[in-house]
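Residues per chain, in single letters:
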Amino acid sequence: MRLSASLPLASLVLASLIAISPALAAGQQVAATPPMGWNSWNFFAEKVTDKDIRAAADQLVSTGMKDAGYIYVNIDDTWEAERDANGVLRTNSKFPDMKALADYVHSKGLKIGIYSGPGPKTCGGYTASLGHEEQDAKMYAAWGIDYLKYDLCSFNEAVMQKQAPNDKAEQMRLMVAAYDKMSKALQATGRPIVFSLCQYGWDSPWEWAPALGGNSWRTTDDINAHWDRIYAILSQQEGLLAYAGPGHWNDPDMLEVGNGELTLAENRSHFSMWAMLASPLLAGNDLPNMKPEVKSILTNRDVIAIDQDPLGKQASRVYSDGEVEVWARHLDGGAIAVAVLNAGSDRYSTHPFHLSLTKLGLNGTQQAKDLWTGKDMELTNNMPVELASHDILLVRVATPK
Ligand code: GLA
């Protein structure tokens with residue numbers, strides 16, 4: 001639902017283009033582990049209302065998701081009306097009283113997030129923050145907002161393309177400066193607010209977003225509730241592990257677990273891999289109508305613990321064999337997590353996949369926990385692993401040898 005077309009990548013080193021503030025330290029006040037919560041976009045899109053946000057907050061509590069770590073209740077696009085004569089951005093009729101809504105969410109022991117962008121309009125065509133960054137940041141802080149998703153959208157066409165046609169370096173400078181401006185405006189409020197950059201992974205945001213205080217940055221264009229899209233996004237995350245860490249995370253987009261026609265295996269694999277990637281875990285499903293099996297995926301504490309591991313080391317793909325991929329990540333205390341994903345459309349029964357521990361740098365039989373069955377198991381070198389299409393084996397090895 002973006003207005004603008006894709007921006008070609010500019011191979012530029014950006015850190016030198018902005019005056020780097022002490023924002024990195026400020027950014028680390030929040031998001032020491034990847035932010036967890038729920039966002040309205042993937043299920044409600046432009047239909048979301050105040051009532052839906054309250055219901056989502058209620059459901060996070062009653063389903064046990066809050067206790068499992070889902071704290072942020074994030075309103076995405078379409079809450080905005082026009083600015084008044086003083087430039088104050090009004091909420092539209094779907095959100096009659098944002099302060100009261102924030103108070104309600106806080107009263108549940110949760111935090112609340114909101115959405116805007118550096119351009120004149122959001123992706124949905126609603127009013128965004130261009131020229132009103134400080135004013136908007138102050139208003140968010142006064143409302144009690146705890147999280148801002150800041151979405152590039154019209155800034156590309158309205159500012160970058162207009163002010164610097166055919167000058168990629170200048171376009172980049174403008175974009176980075178726009179994100180830096182809002183980051184500084186948020187910091188100036190004195191309220192800890194997670195700053196979530198959304199510009200679809202154009203121009204390697206992982207290289208410049210941490211320096212301006214970004215707590216996360218989208219690494220790709222939008223997700224949708226189809227396995228092919230989820231898998232395509234997963235495949236784009238390779239090579240990004242060095243950029244993730246406490247306070248600053250790669251964001252492969254919000255969860256689609258429980259949405260569309262995803263099978264249980266696909267929901268499990270999607271959730272497992274986002275946890276392996278140390279991704280923000282922002283559920284995007286219809287919480288009041290969540291099926292028990294979807295709830296048990298989203299609240300699997302062992303899998304969440306992989307995502308929330310304090311070391312903050314994102315997984316990398318160690319090797320693949322046909323359509324089976326093996327990913328691993330280091331965990332606090334010397335443990336490791338290993339994911340074996342069957343990305344293919346067939347069950348590996350006639351030609352089973354064999355897991356090489358040697359390729360994982362492991363020496364002989366390992367004691368592990370299967371995080372989806374909850375059972376202890378042994379991993380032996382070259383053991384056959386049979387997985388249904390799009391299903392996953394996710395294990396934690398507490399003391400790898
Ligand atoms: C963009 C973002 C989405 C969502 C919509 C809202 O497409 O990438 O995540 O916020 O805008 O309009």
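Anything mentioned here points back to the structure above.
As a starting point, this report considers the structure included with it. Treat the numbers as computed from the prediction; the structure is a model and nothing was measured.

Looking only at helices and strands, one finds 13 helices and 18 strands in the protein. For a compact globule of 401 residues, the expected C-alpha radius of gyration is about 21 Å, and the protein comes in at 21 Å, within 12% of that figure. Along the first, second and third principal axes, the C-alpha atoms of the protein reach 70 × 45 × 35 Å. Counting the 401 residues in the protein, one finds 58% classified as buried. In the protein, the share of contacts with a sequence separation of at least 24, taken over all contacts with a separation of at least 6, comes to 72%. Carbon and sulfur atoms make up 51% of the accessible area of the protein, which amounts to about 15400 Å² in all. When the 35 positive and 47 negative side-chain charges of the protein are each reduced to one mean point, those points stand 4 Å apart.

Taken as a whole, helix α10 (residues 227-235) has its buried residues at Trp227, Arg229, Ile230, Ile233 and Leu234. Looking down the long axis of α10, one finds its buried residues gathered within 165° of arc, a one-sided arrangement.

A few words on the state of the cysteines. Summed over the entire model, instances satisfying the criterion amount to one disulfide. Between the sulfur atoms of cysteine 123 and its disulfide partner cysteine 153 the distance amounts to 1.6 Å. Measuring handedness by torsion sign, the sulfur bridge of cysteine 123 and cysteine 153 sits at about -85° and is left-handed. A residue pair is termed long-range when its members are at least 10 positions apart, and cysteine 123 in the loop between β5 (111-116) and α6 (133-143) and cysteine 153 in the loop between β6 (147-151) and α7 (155-163) qualify at 30 residues.

Take the site of the ligand next. What surrounds the ligand is a group of 14 residues, the closest being Asp76, Asp77, Lys149, Asp151 and Asp222. The side chain of arginine 218 places a nitrogen or oxygen atom 3.2 Å from an oxygen atom of the ligand. Of the residues contributing to the shell around the ligand, the split by class is six nonpolar, one polar and seven charged.

The subject of this paragraph is the nonpolar core. Formed by 94 residues in total, the largest nonpolar core has its most connected members in Tyr70, Trp79, Tyr140, Phe271, Trp274 and Leu298. For this core, the element with the highest residue contribution is helix α8 (residues 168-189), accounting for nine residues. Grouped together as the second largest cluster of nonpolar side chains are 20 residues, Val324, Val340, Phe353 and Val397 included.

As summarised here, the arrangement of the six strands in space is β11-β12-β13-β18-β15-β16, forming an open sheet in which the pairing is antiparallel. At either margin of the open sheet sits one strand with a lone partner, and together these are β11 (316-321) and β16 (376-379). Pairs of neighbouring strands in the sheet enclose a mean axial angle of 30°, with direction left out of account. Where α10 meets the sheet, its contacts fall on β11, β12 (324-330) and β13 (336-342), and the angle it forms with β13 comes to roughly 135°.

About the cut-offs
- Residues numbered from 1 in each chain as written.
- Predicted model: local features only at pLDDT ≥ 70, side-chain atom pairs only at ≥ 80, totals over all residues.
- Heavy atoms only, no water.
- Helix = DSSP H or I, 4+ residues; strand = E, 2+ residues; numbered from the N terminus.
- Rg over C-alpha atoms; globule rule 2.2 N^0.38 Å.
- Buried < 20%, exposed > 50% of the residue type's maximum accessible area, 1.4 Å probe, protein only.
- Contact = heavy atoms within 4.5 Å.
- Areas by Shrake-Rupley, 256 points an atom, 1.4 Å probe, with all protein chains shown as cover.
- Lys, Arg positive; Asp, Glu negative; His and termini not counted.
- Charge placed at Lys NZ, Arg CZ, Asp CG, Glu CD.
- Arc of directions from axis to C-beta.
- Disulfide = S-S within 2.5 Å.
- Near = heavy atom within 4 Å.
- Polar contact = N/O pair within 3.5 Å; in protein donor to acceptor, adjacent residues only side chain to side chain.
- Nonpolar A, V, L, I, M, F, W, Y, C, P; charged D, E, K, R; others polar.
- Core = buried A, V, L, I, M, F, W, Y, C linked by side-chain atoms within 4.5 Å.
- Pairing = 2+ DSSP bridges.
- Axes fitted to C-alpha atoms, helices over the stretch in contact; angles between N-to-C directions.

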